[in-house]
Each structure stands twice: as structure tokens, then as C-alpha cells.
Amino acid sequence: MYRSTEEKLTDKLIGEAVVSLLKAKNPISTDRLIAQLQFMAVNADNINRKSACERVINEIRHNLAEKRAQISYEVRDVDNVRHFFNAQGPSDDQKKH
């Protein structure tokens, strides 16, 4: 309801890309979504639509990179003790020793 025009256009473009993938009976994945948005950008009929597609692609890639950086791993040692690791390292508020 309070979304900006830019946010509405982003949602519309992602929706169009997903519908195109579904109509073509292609699997839905981040890579396929980005490829479809790139195709839409190349075939855009005006510069605003093209730049909006490129902005959406960059936003998806940025969010994907952030999500990959937050992946955590659980490892059990020989004593069956669980240890958790993540790609970010320890938080700043924890003591080192």
C-alpha cells in the first residue's frame, strides 16, 4: 500500500520473469530468474524498463551474496559435541579467550 513506484516496478518485473519461466516450463531458480531478467533488459522497448531490469538483477545478486555469507555449518567432534561455524566469524561482542 505504501510501496514506491520503483518497488512496484521491481515486483512487476520479477513477476513477469517468473511467469515467462513457468510458461516455458523451465525450472524456477535464481540463475534462471537472472537470465530471464537479462533477456528482458536486452529486449526492453524503453530505457526505463531496461534500467529497471538491470537494477533488479543487481538487487537479486546483492541479496544472494549476503545470504551466502550467512551460511552456517554444524560440526560434531569425536565426543559428539556440536560446534557451529559461519562465514562471518565470531561476533564483535564475544570474548576471544
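Residues numbered from 1 in each chain as written. Predicted model: local features only at pLDDT ≥ 70, side-chain atom pairs only at ≥ 80, totals over all residues. Heavy atoms only, no water.

**Side note on the overall build of the protein chain**
So, point 1. Helix and strand counts for the protein chain stand at 3 helices and 2 strands.
So, point 2. Secondary structure elements of the protein chain, listed N to C terminal, follow the sequence α-α-α-β-β.
So, point 3. Restricting the contact set of the protein chain to residue pairs at least 6 apart, pairs at least 24 apart contribute 28%.
So, point 4. A total accessible area of about 8100 Å² is found for the protein chain, and carbon and sulfur atoms account for 52% of it. (Helix = DSSP H or I, 4+ residues; strand = E, 2+ residues; numbered from the N terminus. Contact = heavy atoms within 4.5 Å. Areas by Shrake-Rupley, 256 points an atom, 1.4 Å probe, with all protein chains shown as cover.)

**Topic: the nonpolar core**
So, point 1. Of all hydrophobic cores here, the largest spans 12 residues; its members are L13, A17, L33, I34, L37, M40, A41, A52, C53, V56, I57 and I60.
So, point 2. Each residue touching L13, except ones within four places of it in the same chain, is listed here: L37, M40, R49, A52, C53 and V56. (Core = buried A, V, L, I, M, F, W, Y, C linked by side-chain atoms within 4.5 Å. Buried < 20%, exposed > 50% of the residue type's maximum accessible area, 1.4 Å probe, protein only.)

**Here we look at the environment of L33**
So, point 1. Tracing the backbone through its elements, the reader meets L33 in helix α2 (residues 30–42).
So, point 2. Here L33 falls in the buried class, since its relative accessible area comes to 14%.
So, point 3. Taking the C-alpha atoms as reference points, L33 and I60, 27 residues apart in sequence, are found 9.2 Å from one another.
So, point 4. Filtering out sequence-adjacent residues up to four positions away, L33 remains in contact with I14, A17, V18, L21 and I60.

**A few points about the confidence of the model for the protein chain**
So, point 1. Mean pLDDT for the protein chain: 84, with 80% of residues reaching 70 or above.
So, point 2. When mean pLDDT is compared element by element in the protein chain, α2 scores highest at 95, while strand β2 (residues 82–86) scores lowest at 72. (pLDDT = per-residue confidence, 0-100.)

**Things to note about the packing of helix α1 (residues 5–23) against α2**
For any two helices packed against each other, one specifies the inter-axial angle together with the distance between the axes.
So, point 1. Remark: α1 packs on α2, axes separated minimally by 9 Å, with the N-to-C direction vectors making an angle of 110°. It follows from the interaxial angle that α1 and α2 lie roughly perpendicular. Here α1 contributes L13, I14, E16, A17, V18, S20 and L21 to the contact with α2, which in turn contributes R32, L33, Q36, L37 and M40. (Axes fitted to C-alpha atoms, helices over the stretch in contact; angles between N-to-C directions. Parallel < 35°, antiparallel > 145°, perpendicular 65-115°, else oblique.)

**Describing the pattern of salt bridges**
So, point 1. This structure, assessed with the given rule, holds 2 salt bridges.
So, point 2. The closest approach of N and O atoms between R55 and E6, which form a salt bridge, is 3.5 Å. Of this pair, R55 sits in helix α3 (residues 47–69) while E6 sits in helix α1, and the two are 49 residues apart along the sequence.
So, point 3. The partner of R49 in a salt bridge is E16, and the shortest N-O contact between them spans 2.3 Å. With a gap of 33 residues between them, R49 in helix α3 and E16 in helix α1 connect regions that are remote in the sequence. (Salt bridge = Lys/Arg side-chain N within 4 Å of Asp/Glu carboxyl O.)

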